[in-house]
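Structural characterization, general
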Amino acid sequence: MKKLLRGGFVVTGQSCRRADVLVDGEKIEKLGHVMADAPWDTEIVDVSGCYLFPGFIDAHTHFDLDVCDTTTADDFDSGTRAAIRGGTTTVVDFACPNKGETLAHGLVLWHEKADGKCWCDYGFHMTIDDWNPDIERELDDMLAAGVTSFKMYLTYPAMMLPDRALYEALVALRRRGGVCGFHCENAGVIDARIAELKAAGLSDKVFAHPLARPDYAEAEAVGRVLRIAQAADAPVILVHTTNREALGEAAAARRRGQTVYVETCPQYLLLDDSVYYDADWAEAAKYVCAPPIRKKADADALWKALRRGEVQTISTDHCSFTPAQKDAGRGDFTKIPGGLPGVETRGELIYTGGVAARRMSLAGMCRALSENPAKLYGLYPRKGALEPGSDADIVVYDPKADHVLCGAELASRAGYTPFEGFATSGSIRSVYLRGALAVDRGRVVGARNGQYLARGRCAL
Ligand code: MN
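Quick caveat, the model's predicted, so the values are computed rather than measured.

Rules used in this analysis
- Residues numbered from 1 in each chain as written.
- Predicted model: local features only at pLDDT ≥ 70, side-chain atom pairs only at ≥ 80, totals over all residues.
- Heavy atoms only, no water.
- Buried < 20%, exposed > 50% of the residue type's maximum accessible area, 1.4 Å probe, protein only.
- Helix = DSSP H or I, 4+ residues; strand = E, 2+ residues; numbered from the N terminus.
- Pairing = 2+ DSSP bridges.
- Domains from an automatic or database assignment.
- Contact = heavy atoms within 4.5 Å.
- Buried area = accessible area lost by both parts, 1.4 Å probe.
- Salt bridge = Lys/Arg side-chain N within 4 Å of Asp/Glu carboxyl O.
- Polar contact = N/O pair within 3.5 Å; in protein donor to acceptor, adjacent residues only side chain to side chain.
- Nonpolar A, V, L, I, M, F, W, Y, C, P; charged D, E, K, R; others polar.

Counting buried positions along strand 11 (residues 88–95) gives 8 out of 8 residues, so the element sits mostly inside the fold. When strand 8 (residues 56–61) meets strand 11, the two strands line up parallel, connected through 4 bridges. Across the sheet, the residue bridging to Phe56 is Thr88, located in strand 11. Both strand 11 and strand 12 (residues 121–127) contribute to a ladder of 6 bridges, which runs parallel. Along strand 12, the bridge assignment pairs Thr90 with Asp121.

Laid out in structure tokens, this is it:
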């Protein structure tokens, strides 16, 4: 049976227009005034007054990940259930083999974690935390398996690589048409500052965390990786970019003719570092993530860069821990597991803080949450578009149904949201995954039938 979503406004990366959407099975068949073409038994769904977005893509999640002697609160079951409730119909999670392990092992492990457990579609990036001729040869297997994007770290001893490896990996990826995201922070400066802060007696203060990881330590690593990419003649993705100094480095590289893609996250757009100074330790610890949340001026710079197309995507870096897990860092701020839940709330946060606050257009939101990640990560136009032939992944957004975010009501096992009490403009009314109703007024009504997506090459 076909479905006709009738009376809504279809949002694309270019416009927002009144159109009905005819869905046949898993695909979009037609848009426009298509009532006359619909067979008699078509299910008519009234979506008048609502915006229809292509299903959101979250290209930065960490589900079922072992870090800091613990495991993230959300696995692929609860994580993708949270995702679909928030209008995210595709996640791209970071497969992460340990140093000394093969990429093939990492991919098998992530399939074991995810297959059969997902409420939305999913793909994997591959973390490169080791570099040698065997790993280089494995890149071909990864691309053949639909893993076309990678990630490297400039900090964290368990994962960081020296400059020569960064250069050689970038050359190897450029030759194969793969792209790479980078976690940019200067490891040495951070280690030194941690030692200083502890010596000054600030071990039990959460605000020592942002003091240890200043914006310039991020910008330095951004600048360095961009110079290495210049030498390798390769594109770069800057993941979870937080601040004005880092954006300046990206702009400078673009002026040199380099290709730079920039991702940011809702916490960097909508919060500021005052969260770390809460008198209640547990409250402040909820916001510990790396890089840390910055100043209001940095958030303003990120919004401006989004409007100019200098930031292309908004993902979440969902890496959830319960308040009890965060408690491991009482007395030593470096032991607080770093990461925030976010996969469930991104759509409503960006609609509210972006579109309704007139910082961003509906088309701009569509580009940042759907179209650009689909193009960047080789999923377009199957995903990221409401066009004939695209997957019928549809978010029905009701701009009038305001509500208040409450961590206890969310599907994430984190048990809290960094946006507790946030008053939204509108809300997600329903979500379709490949033509099937998956979420209806906050209730998950779909099934765990998310599919693995073998992705193609970057086309942004
Ligand atoms: Mn991350």
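With that out of the way, let us pick up the domain arrangement of the protein chain. Domain parsing of the protein chain yields domain 1 (2–52 + 385–404 + 420–444) and domain 2 (56–376). For domain 1 versus domain 2, the distance between C-alpha centres works out to 30 Å. The partner domain 2 presents 22 residues to the 27 residues of domain 1 that form the contact. Both sides together, the interface formed by domain 1 and domain 2 hides about 2,000 Å², and carbon and sulfur atoms give 66% of it. Between Arg434 and Asp121 there is a salt bridge; the shortest N-O distance is 2.7 Å. Inspection of the region where domain 1 meets domain 2 yields 7 residue pairs in polar contact (both at pLDDT 80 or more). Those elements giving two or more residues to the side of domain 1 that touches domain 2 turn out to be strand 18 (394–398), strand 19 (427–433) and strand 20 (436–440). For the side of domain 1 that touches domain 2, a count of residues per class yields 15 nonpolar, 9 polar and 3 charged.

Turning next to the pattern of salt bridges. Throughout the structure, instances matching the rule amount to 31 salt bridges. With a closest N to O distance of 3.7 Å, Glu136 and Arg176 form a salt bridge. Here Glu136 is found in helix 3 (residues 133–144), whereas its partner Arg176 is found in helix 4 (residues 163–176), with 40 residues between them in sequence. The partner of Asp327 in a salt bridge is Arg330, and the shortest N-O contact between them spans 3.0 Å. With a relative accessible area of 47%, Arg330 lands in the partly exposed category. Three or more residues joined by partner-sharing salt bridges are found here, namely Glu26, Lys27, Asp121, Arg382, Lys383, Asp391, Asp393 and Arg434.

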